[in-house]
Amino acid sequence: MKKPGIAIILYTVREPAKDNLADTLKRVRDAGFEYVQWSGMPDLPAEEIRAALDVAGLKAIAAHCGVEPFEQDFEKQVAFWRTVGVRDVAPGGMMGDCRDSLAAWLRGALRLDTLGAKLRDVGMRLSYHNHDWEFESFPEDPRPKLDILYDATGAANLFVELDTCWAQVGGVDPAAYIRKYTHRCPLIHVKDMRAERNDKGRPIFVPLGDGVLDWEAIFAAASESGVEWCIYEQDSHEGDLFECVRKSYRFMEKYLG
């Protein structure tokens, strides 16, 4: 059993990064994080991303990126993310033209499986990041959409990047789901929420440990199931953002440090 590493997805700090990327990265490092998932950041050449991370003392271990750029120019995208230093890439959801029906979903699964196989051949990995709606079903198939996706793809071609909070919103026990995909789930997003919802019925996100997720069970499942990285994410916040970042790092360090 090995404890996963600690990282942050930079989507969490996307707003301050729009105004000052260098200062934002420095503050992430000052909060304790050494490893990041690149997401939601300014659109920059790979060399500039790598330089900015190096100056801040950070290393990118993963990235969120679209499938279509790889389908259009595979070699260019591989070179880009290798320059950044990333092995793991993941779309933030199913492609827009592959969501409306079971047949479309299975076409999406084939596209992801094909891309994942190509990435595997060059030493990279493709994962899929979920929200809550992937735990719904199509009328003609009782399985959750997410399980249909993983059943329709090779375990070595498409990995699980489980968003623990969205899994819970979707009615799934995150720890049990991690165990279900033991050794297929190298990355998880760790995100917390209050018991109550906002006026639109959506989650209210809070720093890790301030919400309702069972972190002792989730971190235990992660350690026992081959999860390599627990990646802190907070979609929105109240109060000081970087205090949320600092508090969440301290919380993760208590369990995983």
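What comes next concerns the included structure.

How each quantity is defined
- Residues numbered from 1 in each chain as written.
- Predicted model: local features only at pLDDT ≥ 70, side-chain atom pairs only at ≥ 80, totals over all residues.
- Heavy atoms only, no water.
- Helix = DSSP H or I, 4+ residues; strand = E, 2+ residues; numbered from the N terminus.
- Expected span 1.5 Å × (residues − 1).
- Buried < 20%, exposed > 50% of the residue type's maximum accessible area, 1.4 Å probe, protein only.
- Contact = heavy atoms within 4.5 Å.
- Arc of directions from axis to C-beta.
- Pairing = 2+ DSSP bridges.
- Axes fitted to C-alpha atoms, helices over the stretch in contact; angles between N-to-C directions.
- Salt bridge = Lys/Arg side-chain N within 4 Å of Asp/Glu carboxyl O.
- Parallel < 35°, antiparallel > 145°, perpendicular 65-115°, else oblique.
- Left-handed = near helix turned anticlockwise from the far one by under 90°.
- Core = buried A, V, L, I, M, F, W, Y, C linked by side-chain atoms within 4.5 Å.
- Polar contact = N/O pair within 3.5 Å; in protein donor to acceptor, adjacent residues only side chain to side chain.

1. What about helix α11 (residues 241–256)?
Inference 1: Look at α11: 22 Å from first C-alpha to last across 16 residues, which is about the 22 Å you get at 1.5 Å a residue.
Inference 2: Taken together, the buried positions of α11 are L241, F242, C244, V245, S248, Y249, F251, M252 and L256.
Inference 3: Close packing links the buried residues of α11 with β1 (5–9), α1 (14–19), α2 (21–30), β9 (187–190), α10 (215–224) and β12 (229–232).

2. So, α2
Inference 1: Three or more residues of α2 are buried, namely L21, T24, L25 and V28. Seen from one end, α2 has its buried residues packed into an arc of 95°, which puts them on one side. Relative to its buried face, α2 has exposed residues pointing more than 90 degrees away, namely A22 and D30.
Inference 2: Elements in contact with the buried residues of α2: β1, α1, β2 (35–38), α3 (46–56) and α11.

3. Details of the sheet that holds β9
Inference 1: Read around the closed barrel, eight strands run β1-β2-β3-β4-β5-β8-β9-β12, paired in parallel fashion. Each adjacent strand pair in this sheet contributes to an overall mean axis angle of 30°, direction not counted.
Inference 2: Across four bridges, the pairing between β9 and β12 is parallel. Within the sheet, the bridge partner assigned to H189 lies in β12 and is I231.

4. A word on the pattern of salt bridges
Inference 1: Applying the stated criterion across every chain yields a total of 22 salt bridges.
Inference 2: Two residues, R111 and E68, come together in a salt bridge whose shortest N-O distance is 4.0 Å. Of this pair, R111 sits in helix α6 (residues 102–121) while E68 sits in helix α4 (residues 68–72), placing them 43 residues apart in sequence.
Inference 3: Note on E68: relative accessible area 31%, which makes it partly exposed.
Inference 4: What you see here is one network of salt bridges that share partners, running through E68, E71, D97 and R111.

5. Considering unusual backbone geometry
Glycine aside, negative phi is the norm for most residues, and most peptide bonds take the trans geometry.
Inference 1: Its identity as a non-glycine residue notwithstanding, H183 has a phi of 70°, on the positive side.
Inference 2: Mapped onto the secondary structure, H183 falls in the loop between α9 (174–180) and β9.

6. A few points about the packing of α10 against α11
Inference 1: Where α10 meets α11, the axes come as close as 11 Å, and the angle between the chain directions of the two elements is 55°. One finds that α10 runs oblique with respect to α11. The handedness of the crossing between α10 and α11 is right-handed. In this structure, α10 contributes W215, E216 and F219 to the contact, and α11 contributes F251, Y255 and L256.

7. Structural notes on the nonpolar core
Inference 1: Counting residues in each nonpolar core, the largest one holds 82 residues, and the members touching the most others are F33, W81, L149 and I188.
Inference 2: Of all the elements, α11 adds the most residues to this core, at eight residues.
Inference 3: Non-local contacts of F33, meaning those with residues more than four positions away in its chain, are made with I6, A7, I8, V28, L58, Y232, V245, Y249 and M252.

8. Describing the environment of H189
Inference 1: Structurally, the position occupied by H189 is in strand β9.
Inference 2: Looking at H189, the relative accessible area reads 0%, which means it is buried.
Inference 3: With 25 residues separating them along the chain, H189 and T164 place their C-alpha atoms 6.0 Å apart.
Inference 4: A distance of 3.3 Å separates the side chain of H189 from the side chain of H129, its partner in a polar contact.
Inference 5: Reaching out from H189, the side chain makes a polar contact with the side chain of E233 at a distance of 2.8 Å.

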